[in-house]
Amino acid sequence: MRIVKTLISLAFVADITLGSIYASKAAYNKWHETELERWLSDHDIPYPTSSDRKELEKLVQNNWDTNVVTPYQHWDTAELNRHLKQKGIETKEAAAANKESLVSQVQDLWYESGDKAQQAWFSVKDWILDSWTESQLKAFCDHHAIPVPQPRKRDTILEKVRSNYDAIAKKAGDTAAYPGNWLYDTWTESDLKEWLDTYGFPVPQPTTRDKLIASVRRNSRIASLKAQERASSASASAQAAYATLTDKLIDAWDESQLKEFADKNGINVPQGTKASQLRALVRKHRAALLGDTVSASAASAYGAATSNAGNAYAQATDKASQAAQDAFNEAVGTWSESRLKGYLDARGIPVPHASKKDELRALVRKNSHKAASGWTAWTFDDFSLENLRNYLASSGDATAKKVSQKSGATRDELLAAAQSAYASASSAGGSSYASVTSYLAQTTDSVKQTAFDNWSESELKSYLDSYGIPAPQGSKINELRSRARKQYTYFKYGTTTPAGTIFAQIQDTVKQTWDWVVDQISIGSNAAKKKADEEIRQEL
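What counts, and where the lines are drawn
- Residues numbered from 1 in each chain as written.
- Predicted model: local features only at pLDDT ≥ 70, side-chain atom pairs only at ≥ 80, totals over all residues.
- Heavy atoms only, no water.
- Salt bridge = Lys/Arg side-chain N within 4 Å of Asp/Glu carboxyl O.
- Helix = DSSP H or I, 4+ residues; strand = E, 2+ residues; numbered from the N terminus.
- Buried < 20%, exposed > 50% of the residue type's maximum accessible area, 1.4 Å probe, protein only.
- Phe/Tyr/Trp six-rings, centres within 6.5 Å; stacked < 30°, edge-to-face > 60°.
- Axes fitted to C-alpha atoms, helices over the stretch in contact; angles between N-to-C directions.
- Parallel < 35°, antiparallel > 145°, perpendicular 65-115°, else oblique.
- Left-handed = near helix turned anticlockwise from the far one by under 90°.
- Contact = heavy atoms within 4.5 Å.
- Nonpolar A, V, L, I, M, F, W, Y, C, P; charged D, E, K, R; others polar.
- Polar contact = N/O pair within 3.5 Å; in protein donor to acceptor, adjacent residues only side chain to side chain.

**Student:** When you look at the pattern of salt bridges in this model, what are you seeing that I'm missing?
**Tutor:** Note on pairing: side chains with opposite charge can pair once their charged atoms come close. Scanning the model with the defined rule gives 15 salt bridges in all. Where Arg217 meets Asp42, a salt bridge forms, and the shortest distance between an N and an O atom there is 2.7 Å. A residue pair is termed long-range when its members are at least 10 positions apart, and Arg217 in helix α11 (residues 209-243) and Asp42 in helix α2 (residues 33-42) qualify at 175 residues. Assigned by exposure class, Arg217 and Asp42 land together as buried.

See below:
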């Protein structure tokens, strides 16, 4: 244990020293001009096309902290609240309205310091692949002819990709520090959107492949930090569980219990292993995870724990994604024909003539991760009465303006007029269409924050009816709003996986392991007691 403690101390000192070195020089100081431009574009920071490298670097420097060190400064109150909730902190309603208070709380709990953030950006390849699935890593290796030894396990594939990362970037004629689109050559647009859905990041609307890649690249660091935190939490819980495994308990287990433990915890048991050998394997595994061996180093013990936790995280992510897909499929199963066609239309997917409802559902499910292709008539789907009137009044369409001024006009009338005005502007193109898209770009975000808040009960019921979903008798208005938002989210974004779902799945996995160990303690105690009673009877 003394060796382990010494290694931990040395690692701590080295960490402080490296942090001081990295803090003195920014990672982007050595970036190529194209990388600086790429970073600015990814973060929606405008820059003059005539800017030289020095000017670009200065612009990155001015925006670095708020986008890399404290990215939560840009978050709205809903996202801040969601992050705190994932950390196990329930915010009060008063605090929820105070963004400064929320930012302060998030800052106190943020994943890493400025020095750590800076250090991470000196070697992007060490973390940018953390959130990739095993199949995505395999596809990357196959695409770039990277040989991977069998069996092709995630850890092995990841190591191979990282070792070839720089060479592949060079072959692509690009830089590696802030990678270009070459990194995602094997990803489809659906893969990109699914990644954003899975890790809880909003999909750019309207979007293109370049915008999707920019969003994935920009958010990869936070996704990696989330994964590390959850893996560390899972590892700590696993260590706590292993700490309860006393030698007496292991001795009390029979062969079937020992095999069950080995199977649940990934311990390879050779064919024909005896019970005594099984006990030795369990003890060895426990010692490795707890760092309780003379030959073990702090790094190897930690690595073993986090590797297992990381695999659990990857499995939990897959399960959560599948659960989200199932929920989307179930929702689509209730949609009306007009909604199914609208979903496809908003994504530019041609609908075969005379398609049956089941065929439309199949096509929608097939495109569950397809992002909306841009502004469409369906953009107005969640606009309130006020939003619709404002759009019609500013559209430049005389007929539309007349409808906006009509006293007592229903939402359906206003919506039909808005969709008609949009269709006319879209067909005309030029300044008319530019004016429309400019208005929508400025309005969409504010609409999103208040969607359905001011809708009447009849409007909400009518909206749900457009999906073919009847409102249950006696439903309260908040329940109707909740149902409307759920359907709207599926309609606009396809399948989504709130980040909390993934983390809850991981916690459930850890809890199951913990519960199993606790249960075995009870069984083991009973077995030990029974064994002791038998020995006493034999002596008598």
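**Student:** Which parts of the structure should I look at to understand the packing of aromatic side chains?
**Tutor:** For any two aromatic rings, the description comes down to two numbers: the centre-to-centre distance and the angle of the planes. The full count for this structure, using the stated rule, is 35 aromatic pairs. Seen in terms of ring centroids, Trp39 and Trp64 are 5.6 Å apart; in terms of plane orientation they differ by 25 degrees. Their pairing is stacked. One end of the pair, Trp39, is in helix α2; the other, Trp64, is in helix α3 (residues 53-69), and 25 residues separate them in sequence. As far as the burial class goes, Trp39 and Trp64 line up, both buried. Taken together, a centroid distance of 5.8 Å and an interplanar angle of 70 degrees make the contact between Trp75 and Trp110 edge-to-face. Of this pair, Trp75 sits in the loop between α3 and α4 (77-86) while Trp110 sits in the loop between α6 (99-108) and α7 (114-120), placing them 35 residues apart in sequence. Residue class for Trp75 comes out buried when judged on its relative accessible area of 11%.

**Student:** Looking at this structure, I do not really get the packing of α2 against α3. What am I missing?
**Tutor:** Packed helices, taken two at a time, are described by the angle between their axes plus the distance between the axes. Following both chains from N to C, one finds α2 and α3 inclined at 40 degrees, their axes separated by 10 Å at the closest point. As judged from the angle between their axes, α2 and α3 are oblique. Relative to α3, the crossing made by α2 is left-handed. Listed contacts from α3 to Glu33, Leu36, Glu37, Trp39 and Leu40 of α2 are Arg53, Leu56, Glu57, Leu59, Val60, Asn63, Trp64, Asn67 and Val68. Of the residues contributing to the contact of α2 with α3, the split by class is eight nonpolar, two polar and four charged.

**Student:** Sorry, what's going on with the side chain of His43 here?
**Tutor:** Examined against the element boundaries, His43 turns out to sit in the loop between α2 and α3. With relative accessibility at 13%, the residue His43 sits in the buried group. Looking at His43, its side chain comes within polar contact range of the main-chain oxygen of Trp39, at 2.8 Å. His43 has contacts with Asn67, Tyr178 and Arg218, leaving out every residue within four places of it along the chain.

In short, geometric facts, not functional conclusions.
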